[in-house]
Amino acid sequence: MRVLVTGVAGFIGFHLARALVAREDSVVGIDNLNDYYAVSLKQDRLGALAAEAGDRFTFHQVDFADMPALDAALAGEQIDRVVHLGAQAGVRYSIENPHAYVQSNLVGHVNLLEFARHRQLDHLVYASSSSVYGGNTKLPFAVEDRSDHPVSLYAATKRADELISESYAHLYRLPQTGLRFFTVYGPWGRPDMMLWIFTQKILAGEPIPVFNQGEMWRDFTHIDDIIAGVLASLDNPPPDDGLEKAGGSVKPHRLYNIGNSQSEHLMKVVGLLEEACGRKAVIDFQPMQPGDVPATYADIAAIRRDLGYAPTTSIEMGVSGFVRWYRDYHGV
């Protein structure tokens, strides 16, 4: 296949492109290389990818929220399927800069849908988020649960993307799969994520900010398990058979949780980081942040049933592996 990957310089997009190339697919990658976090990290990912992929990887720097620019960049590219991972990420930043989320996550999503329908592509896989479950107290979160009470603008844009995709599946019979990711971590991760921040501060002897007095639970999902789920989804477009699918649609549109299916207490993860870093953390307990939820926990029954998805990376293995990568990348 020749697969268009948006957000290819991002954490998940980079790992997906590597996996696609490793199995001898070709990747057309796009990314606007914005400065939400260090552009140098994105460029390092692209450099590593280009070195591994050779002529199986083509990169275009373009903002997919700009439809004319997107069309121009991809005019000469043959594309079979799309994995749309690009987005303005981060729950807390959505409070500071809401317009960035509207442009990237709403306008950009519609642009990719328009691109896919006009090209009559086989399948569009897109990134949603566990944040769509909002303040739900029923755990674990299942794709059948209500998701109409978001507690952040980021979550609202991701749920809106799912609804817009449902309309395109109905109107144009465009096969789509939406993936609700749960707290992705691992090598080459994002500097705004907890694991990176805590590792950086522990190694520097600085206090780590622990929200909600440490009473937080997250379904930490290693990047290798995320990529296994994305590939399985990409390879299995939902049929247009009128039968109900994961998430409730009778159109060619499925929704899946991709998580580790095990919710870990935040302080357990802090302990694992202390062990991997070889020093104790200085903890700065803080109240809950606006837009955050106390717990996430994925019910993965639907993707396990349909695609055989089964995560294999324990939090113990994953945290130590991340710290090793972090030390190597930064030379510390």
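Below, the structure is looked at part by part.

Conventions we followed
Residues numbered from 1 in each chain as written. Predicted model: local features only at pLDDT ≥ 70, side-chain atom pairs only at ≥ 80, totals over all residues. Heavy atoms only, no water. 1 Å grid on protein atoms, 1.4 Å probe; cavity = no way out; pocket = protein on both sides within 12 Å on 5 of 7 lines; lining within 4 Å. Points joined across faces, edges and corners; volume = space filled by probe spheres on them. Helix = DSSP H or I, 4+ residues; strand = E, 2+ residues; numbered from the N terminus. Nonpolar A, V, L, I, M, F, W, Y, C, P; charged D, E, K, R; others polar. Axes fitted to C-alpha atoms, helices over the stretch in contact; angles between N-to-C directions. Left-handed = near helix turned anticlockwise from the far one by under 90°. Contact = heavy atoms within 4.5 Å. Polar contact = N/O pair within 3.5 Å; in protein donor to acceptor, adjacent residues only side chain to side chain. Buried < 20%, exposed > 50% of the residue type's maximum accessible area, 1.4 Å probe, protein only. Pairing = 2+ DSSP bridges. Right-handed = clockwise from strand over helix to strand, strands pointing away. Core = buried A, V, L, I, M, F, W, Y, C linked by side-chain atoms within 4.5 Å. Parallel < 35°, antiparallel > 145°, perpendicular 65-115°, else oblique.

### Notes on empty space enclosed by the protein
Next, step 1: Counted according to the given criterion, the structure contains one cavity of 30 Å³ or more.
Next, step 2: In this structure, the largest cavity is lined by H84, G86, A87, N105, H109, A127, K158 and D161.
Next, step 3: Of all the elements in the fold, those that place two or more residues in the lining of the largest cavity are α5 (98–119) and α6 (153–172).
Next, step 4: A class-by-class count of the residues in the lining of the largest cavity yields two nonpolar, four polar and two charged.

### Considering the packing of helix α7 (residues 194–204) against helix α11 (residues 315–330)
Next, step 1: At a minimum axis distance of 11 Å, the contact between α7 and α11 shows a crossing angle of 65°. In the crossing of α7 with α11, the sense of the turn from one axis to the other is right-handed. In this structure, α7 uses L195, W196, T199, Q200 and L203 to contact α11, whose residues at the interface are V319, F322, V323, W325, Y326, R327, Y329 and H330.
Next, step 2: Split into classes, the residues belonging to the contact of α7 with α11 amount to nine nonpolar, three polar and one charged.

### Structural notes on the side chain of N257
Next, step 1: Assignment of secondary structure puts N257 in strand β11 (residues 253–258).
Next, step 2: A polar contact of 2.8 Å, which involves the side chain of N257, links it to the backbone oxygen of F141.
Next, step 3: One polar contact links the side chain of N257 to the main-chain carbonyl oxygen of D299, over a distance of 3.0 Å.

### Focus: the pairing of strand β1 (residues 2–6)
Remember that side chains alternate between the two faces of the sheet whenever the strand is regular.
Next, step 1: Across the five residues that make up β1, a large majority, five, are buried.
Next, step 2: Neither face of β1 is open: one carries R2, L4 and T6, the other V3 and V5, and all of them are buried.
Next, step 3: Direction of pairing for β1 relative to strand β2 (residues 26–31): parallel, over a ladder of five bridges. Its bridge partner lying in β2, R2 is registered against S26.
Next, step 4: Regarding topology, helix α1 (residues 11–22) serves as the crossover connection from β1 to the parallel β2, and that connection is right-handed.
Next, step 5: The sheet contact formed by β1 and strand β4 (residues 81–84) spans four bridges and is parallel. Within β4, the position partnered with T6 by the bridge is H84.

### Structural notes on the nonpolar core
Next, step 1: Ranked by size, the top nonpolar core spans 73 residues in total, and within it I12, L16 and F181 carry the most contacts.
Next, step 2: No other element matches α1, which puts eight residues into this core.
Next, step 3: Setting aside residues no more than four positions away along its own chain, F181 makes contact with I12, L85, A127, S128, S129, S130, I226, V230 and I258.
Next, step 4: Counting residues in hydrophobic clusters, the runner-up holds 20 residues, among them L74, A116, L174 and L255.

### A look at the layout of surface pockets
Next, step 1: Of the voids in this model, the second largest pocket is the one considered here, and its volume is about 170 Å³.
Next, step 2: Lining of the second largest pocket is provided by 15 residues; of these, R159, E162, R180, G247 and L255 occupy positions nearest its centre.
Next, step 3: Secondary-structure elements contributing two or more residues to the lining of the second largest pocket are α6 and β11.
Next, step 4: Per-element accounting of the lining of the second largest pocket gives the leading share, four residues, to α6.
Next, step 5: Among the residues forming the lining of the second largest pocket, the class breakdown is four nonpolar, four polar and seven charged.

### Notes on the sheet that holds β1
Next, step 1: What the seven strands build is an open sheet, ordered β3-β2-β1-β4-β5-β6-β11; its pairing is parallel. The sheet terminates laterally at β3 (57–61) and β11, the two strands that pair on one side only. Averaged over all neighbouring strand pairs, the angle between strand axes comes to 20°, with direction disregarded.
Next, step 2: In this sheet, β3 lies alongside β2 in parallel orientation, the contact comprising five bridges. Opposite V28, over in β3, you have T58 as the bridge partner.
Next, step 3: Against the sheet, α1 makes contact with β1, β2, β4 and β6 (176–181), and its axis sits at roughly 170° relative to β1, the strand it touches most.
Next, step 4: Against the sheet, α5 contacts β1, β4, β5 (123–129) and β6, and its axis sits at roughly 175° relative to β4.

### Quick look at the environment of Y133
Next, step 1: Following the sequence through the fold, Y133 ends up in the loop between β5 and α6.
Next, step 2: A residue is classified by how much of its surface remains accessible, and Y133, at 1% relative accessible area, is buried.
Next, step 3: When the C-alpha atoms of Y133 and E206 are compared, they prove to be 33 Å apart, with 73 residues separating the residues in sequence.
Next, step 4: If sequence neighbours within four positions are ignored, Y133 has contacts with F141, A142, V143, D145, R146, R180, F182 and N257.
Next, step 5: Here the side chain of Y133 touches R180 through a polar contact of 2.8 Å, side chain to side chain.

### A short note on the packing of α7 against helix α9 (residues 266–277)
Next, step 1: Running from amino to carboxyl end, α7 crosses α9 at an angle of 45°, the nearest separation of the two axes being 10 Å. The pairing of α7 with α9 is recorded here as oblique in orientation. Crossing handedness for the pair α7 and α9: right-handed. For the pair α7 and α9, contact is made by M194, L195, F198, T199, I202 and L203 and by L266, V269, V270, L273 and C277, respectively.
Next, step 2: Of the residues that constitute the contact of α7 with α9, the class distribution is ten nonpolar, one polar and no charged.

Keep in mind that these numbers describe shape and distance, not what the molecule does.
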